[in-house]
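Remarks on the overall topology
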Amino acid sequence: MRIFDPHIHMTSRTTDDYERMAAAGVRAVVEPAFWLGQPRTSPASFADYFDSLIGWEPFRAGQFGVRHHATVALNPKEANDPRCRPVLDLLPRYLEKDTVVAVGEIGYDSMTPQEDEAFAAQLALAVAHDLPALVHTPHRDKARGVERSLAVVAESGIDPGRVVLDHLNEVTVKLVRDTGCWLGFSIYPDTKMSPPRMVELLRAYGPERVLVNSAADWGRSDPLLTRATGEAMLLAGFTDDDVDRVLWRNPVEFYGQSGRLDLTDLDAASAGTFAGNSILRGGD
Ligand SMILES: [Zn+2]
């Protein structure tokens, strides 16, 4: 089983995770820029974070044979902090980088006017830079958040086929499936979407435009739930080809729209150093 996790925050994960993921068949990941839990107080913190998403983290992933791409954005939560707003001016520079394959995560957290503004401005950046967009849907008041997100997406003029609405569930999938946008599902260990529930959704709606991710981060989460979903699909009678479509070809198609997805030479785990440092203690 080859797996592409289209939404995972590897910065928050350990090398043990990379080892387990590689052993489970995860060969490529996209890491969206997100909220780190601790509020950032200046745009410079974001610049360092974005640099690590296109520098250190792909290097670290490469040590385990995992290909790493990123998305960059001012996340919905910190869009509310006036100290972070100037991050919007930093984005154009990062949206030109080779391994940046979308604008994201953007969207709503609490649905404030500040979030409205940052969301619309960043969809405009996606259009201007000819990139797809990854839209986080809020965990509270989800249906209203999705409806409002779809309205902002429609207003932006971006091709819906270049937008994924993520963290959907049985209720919100109904709002998105006829819009032409992609359907993102985050599989969590004990809340929200689980592998069996995901299988039921695939039965009901089919595999077209569906992205399945672990969204693993600094909270309770599990980077192997993509694999568990593939196994649950097989047990439920889906074919190997269905699993390959959902867990590999769909994310390749979605992020491939950036023109920047590089999946060549996937079998070679890289070695060497990054800015003079390896992941080994003691320097070699
Ligand atoms: Zn996320």
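Preceding this paragraph is the structure being described.
Residues numbered from 1 in each chain as written. Predicted model: local features only at pLDDT ≥ 70, side-chain atom pairs only at ≥ 80, totals over all residues. Heavy atoms only, no water.

Only H7 (NE2), H9 (NE2) and E105 (OE) from the protein coordinate the zinc ion, and they sit 2.1 to 2.2 Å from it. For the zinc ion, the single-chain donor residues occur in sequence as H-x1-H-x95-E. Taken as a pair, H9 in the loop between β1 (3-5) and α1 (15-24) and E105 in strand β4 (residues 100-107) lie far apart in primary sequence, 96 residues in all. An identical accessibility class is assigned to H9 and E105; each is buried. (Donors = N, O, S within 2.8 Å, 3.2 Å for Na, K, Ca; no water. Helix = DSSP H or I, 4+ residues; strand = E, 2+ residues; numbered from the N terminus. Buried < 20%, exposed > 50% of the residue type's maximum accessible area, 1.4 Å probe, protein only.)

Further remarks concern the pairing of strand β6 (residues 163-166). The alternating pattern of β6 places V163 and L165 on one face and V164 and D166 on the opposite face, and all of these are buried. Pairing analysis gives 4 bridges linking strand β5 (residues 133-136) to β6, with the strands arranged parallel. Residue pairing for β6: A133 is matched across the bridge by V163. Handedness of the crossover joining β5 and β6 through helix α6 (residues 142-156): right-handed. Bridge count for β6 against strand β7 (residues 182-186) is 2 bridges, and the pairing is parallel. Bridge pairing in β7 links L165 to L183. (Pairing = 2+ DSSP bridges. Right-handed = clockwise from strand over helix to strand, strands pointing away.)

The strand order β1-β2-β3-β4-β5-β6-β7-β8 describes an open sheet built from 8 strands, whose pairing is parallel. Two strands lie at the open edges of the sheet, namely β1 and β8 (210-213), each paired on one side alone. Pairwise comparison of adjacent strand axes, ignoring direction, gives a mean angle of 25° for this sheet. Alignment of β4 against β5, held across 3 bridges, turns out to be parallel. From the neighbouring strand, G107 faces β5, where its bridge partner is H136. (Axes fitted to C-alpha atoms, helices over the stretch in contact; angles between N-to-C directions.)

For helix α2 (residues 43-54), which comprises 12 residues, the first-to-last C-alpha distance of 17 Å matches the rise-based estimate of 16 Å (1.5 Å per residue) to within 8%. Where α2 is concerned, the buried positions are F46, A47, Y49, F50 and L53. Taken around the axis of α2, the buried residues stretch over an arc of 165°, which confines them to a single face. The inward-facing, buried residues of α2 contact β2 (26-32), α3 (56-62), β3 (67-72) and α4 (87-94). Structurally, the start of α2 carries an N-cap: the backbone nitrogen of A44 is 3.1 Å from a side-chain oxygen of S42. (Expected span 1.5 Å × (residues − 1). Arc of directions from axis to C-beta. Contact = heavy atoms within 4.5 Å. Polar contact = N/O pair within 3.5 Å; in protein donor to acceptor, adjacent residues only side chain to side chain.)

On to the pairing of β7, then. Where a strand is regular, its side chains alternate between the two sheet faces. Among the 5 residues in β7, 5 count as buried, and that is most of the element. Across the two faces of β7 the burial is the same, with W182, G184 and S186 and L183 and F185 all buried. Judged from the 4 bridges that link them, β7 and β8 form a sheet pairing that is parallel. In the strand pairing of β8, L183 is matched with V210. Considered for its hand, the β-α-β crossover made up of β7, helix α8 (residues 195-205) and β8 is right-handed.

It is the contact of α2 with α4, at a shortest axis distance of 10 Å, that shows an interaxial angle of 25°. As summarised for this structure, α2 and α4 are arranged roughly parallel, according to the angle between their axes. The chirality of how α2 crosses α4 is right-handed. Residues P43, F46, A47, F50, D51 and I54 of α2 touch α4, and the partners they reach there are V87, L90, L91 and Y94. Classifying every residue of the contact of α2 with α4 gives 9 nonpolar, no polar and 1 charged. (Parallel < 35°, antiparallel > 145°, perpendicular 65-115°, else oblique. Left-handed = near helix turned anticlockwise from the far one by under 90°. Nonpolar A, V, L, I, M, F, W, Y, C, P; charged D, E, K, R; others polar.)

Within the largest apolar cluster, 71 residues are counted, with the highest numbers of intra-cluster contacts made by F50, L165, F185 and M198. Sequence-distant contacts of M198, that is, excluding residues within four places in its chain, are made with F185, I187, M193, V210, V212 and T229. (Core = buried A, V, L, I, M, F, W, Y, C linked by side-chain atoms within 4.5 Å.)

A few words on the packing of aromatic side chains. Aromatic rings considered in pairs are described by the distance between their centres and by the relative angle of their planes. For the structure on display, the rule yields 12 aromatic pairs. Ring geometry for F4 against W248: centres 5.9 Å apart, planes inclined by 65°, an arrangement best described as edge-to-face. Taken together, the positions of F4 in strand β1 and W248 in helix α10 (residues 240-256) put the pair 244 residues apart, joining distant regions of the chain. The exposure class assigned to F4 is buried, which follows from its relative accessible area of 0%. A ring pair is formed by F4 and Y255, whose centres lie 6.3 Å apart and whose planes are at 10°; its orientation type is stacked. Here the residue F4 occupies a position in strand β1, and Y255 occupies one in helix α10, the gap between them amounting to 251 residues. (Phe/Tyr/Trp six-rings, centres within 6.5 Å; stacked < 30°, edge-to-face > 60°.)

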